[in-house]
Amino acid sequence: MAEAQKKEQAFAETEAPRGEAPAGMAEDPAAYDATEAQAHPGDLEAELAALRAERDDLRDRVMRALADAENSRKRAERDRREGLMYGGAKLARDMLPVYDHLSRALEAAGDEVKTNGAGLYEGIDLTLRELVNVLARHGVERIVPKPGDIFDPHQHQAMFEAPLPGFAAGQIIQVMAVGFRMHDQLLRPAQVGVSSTPG
């Protein structure tokens, strides 16, 4: 029995009282972490390097997401502006044959039509003018070259070339149809004949 009491007393001395930290462990958990970190400095450095790499990766992702959002905003703004400027381009292009027909009707009208059908002639002329005004309000301008002007491939379309005295090579000798542009977008080039007279 004395032997059993001795064993129990030795066990009680090694066992920490309830609520106390085990031997070798400080009461403050932070102090315990610091003790553990001192015991394994290589692990802490590796963990710190991993956290820095993760931070850099997240920062890179955030910067890319912000740049993508800014690019999307700029693209949407540009599309909105172009939609406002050029949204009517298809309709304007479809109206060009109407302009051509009215112009040809006025050109074909002889003196007899102008005299006997003055009301009709004036009506066609007013309709053509109103069409030009409506197109102009929407940013559509006419390209009206004259004989003697220099051929510009950005605004003119050469329908034929012919040598003609009095005109240098590259000069316009005949205008077959006027051109149109909407703001800075070409709707239709002016159709012209160009001189090929050798220099």
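Because the structure is predicted, anything quoted here is derived from the model rather than measured.

### Side note on the pairing of strand β6 (residues 190-195)
Among the 6 residues that make up β6, 5 are buried, leaving the element largely enclosed by the rest of the structure. In the sheet, strand β2 (residues 156-162) pairs with β6 via 6 bridges, with the strands oriented parallel. Among the inter-strand pairings, Phe-160 is bridged to a residue of β6, identified as Gly-193. Where strand β3 (residues 172-177) lies against β6, 4 bridges are found, and the strand directions are antiparallel.

### Looking at the packing of helix α4 (residues 89-108) against helix α6 (residues 118-137)
Helix-helix packing is described using two parameters, namely the angle between the two axes and the distance between the axes. With their axes 10 Å apart at the nearest point, α4 and α6 run at an angle of 150 degrees to one another. Between α4 and α6, the angle falls in the class roughly antiparallel. Relative to α6, the crossing made by α4 is left-handed. Here Ala-92, Met-95, Val-98, Tyr-99, Leu-102, Ser-103, Ala-105 and Leu-106 of α4 lie close against α6, whose contacting residues are Tyr-121, Ile-124, Asp-125, Thr-127, Leu-128, Leu-131, Val-132 and Leu-135. Looking at the contact of α4 with α6 residue by residue, the classes come out as 13 nonpolar, 2 polar and 1 charged.

### Digging into the side chain of Arg-188
Relative to the helices and strands, Arg-188 resides in strand β5 (residues 185-188). A distance of 2.7 Å separates the side chain of Arg-188 from the backbone oxygen of Val-178, its partner in a polar contact. In this structure, Arg-188 is in contact with Leu-96, Asp-100, Ile-143, Ala-177, Val-178, Gly-179 and Phe-180, ignoring residues within four places of it in sequence.

### A closer look at the packing of aromatic side chains
The geometry of an aromatic ring pair comes down to the distance between the two centres and the angle between the two planes. Under the defined criterion, the tally for this structure stands at 1 aromatic pair. Summarising the aromatic geometry, the rings of Tyr-99 and Phe-180 are spaced 5.1 Å apart at their centres and angled 85 degrees between planes, so their arrangement reads as edge-to-face. Linking Tyr-99 in helix α4 with Phe-180 in strand β4 (residues 179-182), this pair joins segments that are 81 residues apart in sequence. For the pair formed by Tyr-99 and Phe-180, the shared burial category is buried.

### Re α6
Between its first and last C-alpha atoms α6 spans 28 Å; for 20 residues at 1.5 Å apiece the expected length is 28 Å, and the two agree. Listed in full, the buried residues belonging to α6 are Asp-125, Leu-128, Leu-131, Val-132 and Leu-135. Projected down its long axis, α6 shows its buried positions confined to an angular sector of 120 degrees, all on one face. Set apart from the buried face of α6 by more than 90 degrees, the exposed residues are Gly-119, Arg-129 and Arg-137. Of the surrounding secondary structure, the elements contacted by the buried residues of α6 are α4, β1 (140-143) and β4. Gly-139 sits one or two residues past α6 and shows a positive phi near 85 degrees.

### Remarks on the confidence of the model for the protein chain
Of the residues in the protein chain, 79% reach a pLDDT of 70 or more, and the chain-wide mean stands at 83. Here helix α2 (residues 29-39) stands out as the least confident element of the protein chain, with mean pLDDT 54; β6 is the most confident, with 96.

### Thoughts on the sheet that holds β4
Remark on secondary structure: sheet strands pair via backbone hydrogen bonds, oriented parallel or antiparallel. With antiparallel pairing, the 3 strands of this open sheet are ordered in space as β1-β4-β5. With one partner strand each, in any of the chains shown, β1 and β5 form the two edges of the open sheet. Across the sheet, the mean angle separating the axes of adjacent strands is 30 degrees when strand polarity is ignored. Two strands pair when backbone bridges link them, and β1 and β4 are joined in this way by 4 bridges, in the antiparallel orientation.

### Describing the sheet that holds β2
One open sheet accounts for 3 strands, arranged β2-β6-β3; its pairing is mixed. Of all strands in the sheet, those bounded by a partner on one side alone are β2 and β3. On average, each strand axis in the sheet is tilted by 25 degrees relative to the strand beside it, whichever way the strands run.

Calculation criteria
Residues numbered from 1 in each chain as written. Predicted model: local features only at pLDDT ≥ 70, side-chain atom pairs only at ≥ 80, totals over all residues. Heavy atoms only, no water. Buried < 20%, exposed > 50% of the residue type's maximum accessible area, 1.4 Å probe, protein only. Helix = DSSP H or I, 4+ residues; strand = E, 2+ residues; numbered from the N terminus. Pairing = 2+ DSSP bridges. Axes fitted to C-alpha atoms, helices over the stretch in contact; angles between N-to-C directions. Parallel < 35°, antiparallel > 145°, perpendicular 65-115°, else oblique. Left-handed = near helix turned anticlockwise from the far one by under 90°. Contact = heavy atoms within 4.5 Å. Nonpolar A, V, L, I, M, F, W, Y, C, P; charged D, E, K, R; others polar. Polar contact = N/O pair within 3.5 Å; in protein donor to acceptor, adjacent residues only side chain to side chain. Phe/Tyr/Trp six-rings, centres within 6.5 Å; stacked < 30°, edge-to-face > 60°. Expected span 1.5 Å × (residues − 1). Arc of directions from axis to C-beta. pLDDT = per-residue confidence, 0-100.

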